[in-house]
Amino acid sequence: MEIEADKKTVVPGRLAVDICGLVLKNPVMTASGTFGYGEEYAPFCDLNRLGAIVVKGLSLEPRQGNPPPRIMETCCGMLNAVGLQNVGVRAFIAEKLPFLRQFNVKVIANIFGETIDEYRRVTEILTRAAGVHAIEVNISCPNVKKGGVAFGAYPDAAAAVTEMVRGETDLPVIVKLTPNVTDITEIARAVESAGADAVSLINTLTGMSVDIERRRPHLANVTGGLSGPAVKPVALRMVWQVVRSVKIPVIGIGGIMTADDALEFLITGASAVQIGTANFIHPAATMEIIDGIEDYMIRHRIGCMKDLIGSLQTDGC
Amino acid sequence: MAEKPSVAIGQVMENRSVAPGHFLLTIQLPLSFATPIPGQFVMIRDPERGEPLLPRPISVYDFQREEGHAILNLLCRVVGRGTSLFSRLNRGSTLTVLGPLGRGFTIDPDVRQVLLVAGGVGAAPLAFLLQEGSLLKPDSGKRKVTAYLGAGTSELLTGLDRFQGFCDLRAATDDGSCGYCGPVTELLAIDLGGYDAKSTLILACGPAAMIRSLDLLLRDTRIRCQVSLEERMACGVGACQGCVVAIKEGEGRIGYRMVCKDGPVFDIGEILWNPSVDG
Ligand SMILES: Cc1cc2nc3c(=O)[nH]c(=O)nc-3n(C[C@H](O)[C@H](O)[C@H](O)COP(=O)(O)OP(=O)(O)OC[C@H]3O[C@@H](n4cnc5c(N)ncnc54)[C@H](O)[C@@H]3O)c2cc1C
Ligand SMILES: Cc1cc2nc3c(=O)[nH]c(=O)nc-3n(C[C@H](O)[C@H](O)[C@H](O)COP(=O)(O)O)c2cc1C
Ligand code: FES
């Protein structure tokens, strides 16, 4: 509903983007799990200025996550094994969403489940809540019925989750892809055929780090997800591949620290970007990235995002 | 109530070595920086460097407002790459300072005797508590403060000067070069019977081993005790859920709390030391 209203009233600002009917002031969103439920960063950022806030991944019931240590810094990046700790979808709606509704910002609920039915039920509950503008489906979660292999690792499982969520809501559905696969374009095409309105990528790359003195893994979970500047080239390459394989919008994520990084993704063809680990290093990173993109547009006399997105020149490459 | 945190650009006014591997950073901040509560911490990072990537959490050791600016003091120990680089910062270099963060110590009005128990640089937040004044403010009546400071050797009893003359002092060193020879918790164990359990509050900060011994020591007493815990952090503001400690949630259930937001100060009785063994 609100999306429709916005479509009419939004003055097409230089930075505005339209992702499957979801009109954003600018292409800069926060990445799930790195911005809490928004309130954690309210002292440092004007939340009204964000393109969208993607909240921490939500499950049907609260999840307590993995034992500590959960994080470890690595070369130009970090590993995390938070284990999808979250308050659960009902507490999110009751306790976190009212805060976010005070702001003029699009809220995207990131969801996950251990079974396809859990994805469906979380979607059903969120669709009825006021103030959720889109659903981002994290398919990196292990499928308990399939021996814990991530839904996102196989085209058929990824498509099945997408189809279920698609059938349950009229909100735009963004499917978030894992990079821990042989061919990410195959998964992207599968979720596109299953009805995804957009895809976002990448989630973290599975990694590991060892304490040589104690001869133990640094993380209690042994492995964790790598994020930050270290993953950016891989993320960019995957965005490039996916942009050429699907017709739906692609949201670029991975190691974006500055406006220049964000511009690399946009030029490569991402319709929007998400900022993750950068928030930890610089709590107002998103604000600077928005300003930096605008400066670039002015400097290069680019009137609207459409003229920038996918403007990569590869002739002669 | 804690004031709102912010991100400030600080300028190093002085960086002084206070003992081998220990340094005192004096940072000038804008006046807009909120006044920290004792036990709160800041996240600091060198903006000139691409790595280490993540900011590092350091407790507030001292905070003063002067004309036109605020002065923040941090007492640090070199343990790895980040702290090693901080130890080499020159006067005039800049640092981004995020804070003040977390929940500090809380002292109930009925407390008559406060025992500050510190190991090494764990003295930092306790020294700030003592200096900041609320512990001994007029309405606290005849409140007594005794500090138990422990370190490897006498020269590592950093921050000693901030306690001397402000409270009763008991020192312990592993090599006996100052005060009691042995762990500070052993010294406390000797004295403990002399304190009235009902009106005594222990506030502690130090290495995990010290906090664990303290937990064992206090298990059979009813003395209240708050400890400042450490865990690896990324955001410092409760967004990443990376910095959790296991706590007892009743009915044998385990819960996780964030050190940066729910702590760093916790009641010692809440903490579950080894979830797989104790839980
Ligand atoms: C709330 C809080 C307050 C703190 N206050 C102080 C202080 O006042 N003075 C001070 O010197 N230090 C303090 N610390 C510890 C300090 O944050 C770590 O020593 C520092 O982050 C290590 O960074 P590094 O890059 O030098 O070491 P790294 O190379 O990251 O690690 C080296 C070693 O330090 C350990 N380590 C790393 N990070 C932490 C951490 N956050 N907590 C505990 N151990 C860690 C690792 O296990 C490793 O063995 C505090 C920590 C917390 C959480
Ligand atoms: C601490 C942490 C928690 C995360 N939690 C989630 C999550 O709950 N759901 C999700 O889809 N992605 C999660 N992610 C992945 C990020 O949203 C993002 O895809 C990834 O970190 C890469 O972007 P970055 O390099 O900018 O951080 C998390 C990442 C981090 C670092
Ligand atoms: S450091 Fe991120 S939640 Fe505590």
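Just above sits the structure.
Residues numbered from 1 in each chain as written. Chains lettered and ligands numbered in written order. Predicted model: local features only at pLDDT ≥ 70, side-chain atom pairs only at ≥ 80, totals over all residues. Heavy atoms only, no water.

J.: Teacher, can you tell me more about the overall build of chain A here?
T.: On a plain count of helices and strands, chain A comes out with ten helices and 18 strands. Across its three principal axes, chain A shows a C-alpha extent of roughly 55 × 45 × 40 Å. The buried share of chain A, reckoned over its 317 residues, is 56%. The long-range fraction of contacts in chain A, counting pairs at least 24 apart against all pairs at least 6 apart in sequence, stands at 70%. Within the structure as shown, chain A displays about 12800 Å² of accessible surface, and the carbon and sulfur contribution to it stands at 51%. (Helix = DSSP H or I, 4+ residues; strand = E, 2+ residues; numbered from the N terminus. Buried < 20%, exposed > 50% of the residue type's maximum accessible area, 1.4 Å probe, protein only. Contact = heavy atoms within 4.5 Å. Areas by Shrake-Rupley, 256 points an atom, 1.4 Å probe, with all protein chains shown as cover.)

J.: Mind showing me how you'd approach the interface of chain A and chain B here?
T.: Chain A puts 30 residues into the contact, and the matching count from chain B is 28 residues. Taking both partners together, chain A and chain B bury about 2400 Å²; carbon and sulfur atoms supply 65% of that area. Run the count over chain A and chain B and you get one salt bridge. Between Arg56 of chain B and Glu73 of chain A there is a salt bridge, with its nearest N and O atoms 2.9 Å apart. The interface formed by chain A and chain B holds four residue pairs in polar contact (both at pLDDT 80 or more) in total. For the side of chain A that touches chain B, the elements supplying multiple residues, two or more each, are strand 5 (71–74), strand 6 (77–80) and helix 8 (278–281) of chain A. Here the side of chain A that touches chain B takes three residues from strand 5 of chain A, the largest share from any one element. Per-class residue counts for the side of chain A that touches chain B are 17 nonpolar, nine polar and four charged. (Buried area = accessible area lost by both parts, 1.4 Å probe. Salt bridge = Lys/Arg side-chain N within 4 Å of Asp/Glu carboxyl O. Polar contact = N/O pair within 3.5 Å; in protein donor to acceptor, adjacent residues only side chain to side chain. Nonpolar A, V, L, I, M, F, W, Y, C, P; charged D, E, K, R; others polar.)

J.: Even after reading the chapter, I still don't get the nonpolar core, so can you show me in this structure?
T.: The nonpolar side chains of a soluble globular protein tend to be buried, and buried together. Of all hydrophobic cores here, the largest spans 144 residues; its most connected members are Leu126, Val137, Leu177, Leu201 and Ile293 of chain A together with Ile202 of chain B. In terms of residue count, helix 9 (residues 285–299) of chain A provides more of this core than any other element does, seven residues in total. Residues in contact with Ile293 of chain A, not counting those within four places in the same chain, are Leu15, Pro27, Val28, Ala259, Ala262, Leu263 and Leu266 of chain A. Leu116, Leu149, Ala151 and Phe163 of chain B belong to the second-largest nonpolar core, a separate cluster that totals 27 residues. (Core = buried A, V, L, I, M, F, W, Y, C linked by side-chain atoms within 4.5 Å.)

J.: How do you make sense of the site of ligand 1 when you look at a structure like this?
T.: All names here are of chain B. Taken together, 19 residues form the shell around ligand 1, and within it Arg56, Pro57, Arg77, Gly82 and Thr83 come nearest. Between ligand 1 and Pro57 there is a distance of 2.6 Å, counted from an oxygen atom to a backbone nitrogen or oxygen. Among the secondary structure elements, those contributing two or more residues to the shell around ligand 1 are strand 4 (56–59), strand 6 (69–77) and helix 1 (81–87). Its residues assigned to classes, the shell around ligand 1 comprises nine nonpolar, four polar and six charged. Counting the residues that make up the shell around ligand 1, at least three belong to each of domain 1 (6–101) and domain 3 (231–279). (Near = heavy atom within 4 Å. Domains from an automatic or database assignment.)

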